[in-house]
Amino acid sequence: MATEKSVFIFPYSKPFTEIQNGTIRAELSQFLHSWNSHGTDLSSEFRIEENQFIVVSVDESSITVGGCSKDKLFKTISNVNSLLGLTPGNVGKFYVRSEGKVIELSRNELRNKLDEGRILPDNELFPTWITGGQEFDRLWAKPLFHFAPILRLENLKTNFSS
């Protein structure tokens, strides 16, 4: 994803089924084909990451995405959720790969699993707070220890090196 793009990440607590994945792709393709801001078409794309995150990016090098346009995107996602019976994940939670699956954890659950050794500092984190294309390219699916200062996990690097 290019650096001049804004990124919207929609997490889900569990992976999509094949049918859900196909419907999401069809609905978002249709929406993005006609997505505009004040009558100007938006150059946008989406992808499904880890079969559990919808990532929509929009090129803002020539036009800024207005509030109404963002509302339309969020309404479309909400409609897809309703159509498929999907429950969105909580953007306040952390999404970490553990034993081959992406799991949703609160900060306390993450700390506890780290302390117990059930999550390791080199487990991948999927930072759903990212809003820019450059951030996405640099930080998506990186090991937890990269985020120790941001997540206030002070002892993470110490645990990793021992």
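Residues numbered from 1 in each chain as written. Predicted model: local features only at pLDDT ≥ 70, side-chain atom pairs only at ≥ 80, totals over all residues. Heavy atoms only, no water.

J.: Help me out: how do you make sense of the overall build of the protein in this one?
T.: When helices and strands are tallied, the protein shows 5 helices and 9 strands. Along its sequence from the N terminus, the protein presents helices and strands in the succession β-α-β-β-β-β-α-β-β-α-β-α-β-α. When burial is assessed residue by residue, the protein has 44% of its 162 residues classed as buried. For the protein, the accessible area works out to roughly 8,900 Å², and carbon and sulfur atoms hold 48% of it. Across the protein, the 18 positively charged side chains and the 20 negatively charged ones have centroids separated by 4 Å. (Helix = DSSP H or I, 4+ residues; strand = E, 2+ residues; numbered from the N terminus. Buried < 20%, exposed > 50% of the residue type's maximum accessible area, 1.4 Å probe, protein only. Areas by Shrake-Rupley, 256 points an atom, 1.4 Å probe, with all protein chains shown as cover. Lys, Arg positive; Asp, Glu negative; His and termini not counted. Charge placed at Lys NZ, Arg CZ, Asp CG, Glu CD.)

J.: Even after reading the chapter, I still don't get the side chain of Asn123, so can you show me in this structure?
T.: If you trace the backbone, Asn123 turns up in the loop between helix H3 (107–116) and strand S8 (124–125). Here Asn123 falls in the buried class, since its relative accessible area comes to 14%. A polar atom in the side chain of Asn123 sits 2.7 Å from the backbone nitrogen of Leu120. Apart from residues no more than four positions distant in its own chain, Asn123 is found in contact with Val96, Arg97, Ser98, Lys142, Pro143 and Leu144. (Polar contact = N/O pair within 3.5 Å; in protein donor to acceptor, adjacent residues only side chain to side chain. Contact = heavy atoms within 4.5 Å.)

J.: How should I be thinking about helix H1 (residues 18–34) in this particular structure?
T.: Since the α-helix turns once every 3.6 residues, residues separated by three or four places project in the same direction. A rise of 1.5 Å per residue sets the reference length of H1, with its 17 residues, at 24 Å; its end C-alpha atoms lie 25 Å apart and thus fit the reference within 8%. Buried within H1 we find Gln20, Asn21, Ile24, Leu28, Phe31 and Leu32. For H1, the angular spread of the buried residues around the axis is 105 degrees, confining them to a single face. Across from the buried face of H1, at angles greater than 90 degrees, the exposed residues are Glu18, Ile19, Gln30 and His33. Considering only its buried residues, H1 is in contact with strand S4 (44–49), strand S5 (53–59) and helix H2 (67–84). (Expected span 1.5 Å × (residues − 1). Arc of directions from axis to C-beta.)

J.: Would you mind showing me how to read the pattern of salt bridges here?
T.: Where charged atoms from two side chains of opposite charge come close, those side chains can pair. Using the criterion set out here, one finds 5 salt bridges in the structure. Two residues, Glu49 and Arg47, come together in a salt bridge whose shortest N-O distance is 2.6 Å. Ionic pairing is found between Glu124 and Arg97, a salt bridge with its closest N-O pair at 2.5 Å. On the criterion of sequence distance, the pair formed by Glu124 in strand S8 and Arg97 in strand S6 (residues 94–98) is long-range, its members being 27 residues apart. For Glu124, a relative accessible area of 24% corresponds to the partly exposed category. Among the residues examined, Arg97 registers a relative accessible area of 22% and is labelled partly exposed. Through salt bridges with shared partners, a single network forms among Glu50, Arg97 and Glu124. (Salt bridge = Lys/Arg side-chain N within 4 Å of Asp/Glu carboxyl O.)

J.: Quick question: what am I supposed to make of the side chain of Gln52 here?
T.: Turning to its location among the elements, Gln52 is positioned in the loop between S4 and S5. By relative accessible area, which is 1% here, Gln52 ends up buried. Reaching out from Gln52, the side chain makes a polar contact with the backbone oxygen of Tyr12 at a distance of 3.0 Å. In terms of polar contacts, Gln52 uses its side chain to reach the backbone carbonyl oxygen of Val102, at 3.3 Å.

J.: What is the right way to look at unusual backbone geometry in this model?
T.: Generally, phi is negative for residues other than glycine and the peptide bonds are trans, each holding for most cases. Even without glycine at this site, His38 takes up a positive phi of about 55 degrees. Secondary-structure assignment places His38 in the loop between strand S2 (36–37) and strand S3 (40–41).

J.: Teacher, can you tell me more about the packing of aromatic side chains here?
T.: Under the criterion given, the structure shown has 11 aromatic pairs. Where Phe8 meets Phe74, the ring centres are 6.1 Å apart and the plane angle is 90 degrees; that geometry is what we call edge-to-face. Of this pair, Phe8 sits in strand S1 (residues 5–11) while Phe74 sits in helix H2, and the two are 66 residues apart along the sequence. Centre to centre, the rings of Phe94 and Trp129 are 6.4 Å apart; their planes meet at 80 degrees, and the pair counts as edge-to-face. Highlighted residues: Phe94 in strand S6 and Trp129 in the loop between S8 and helix H4 (133–139), separated in sequence by 35 residues. The structure contains a cluster of three or more aromatic residues connected by ring pairs, namely Phe53, Tyr95, Phe126, Phe136 and Trp140. (Phe/Tyr/Trp six-rings, centres within 6.5 Å; stacked < 30°, edge-to-face > 60°.)

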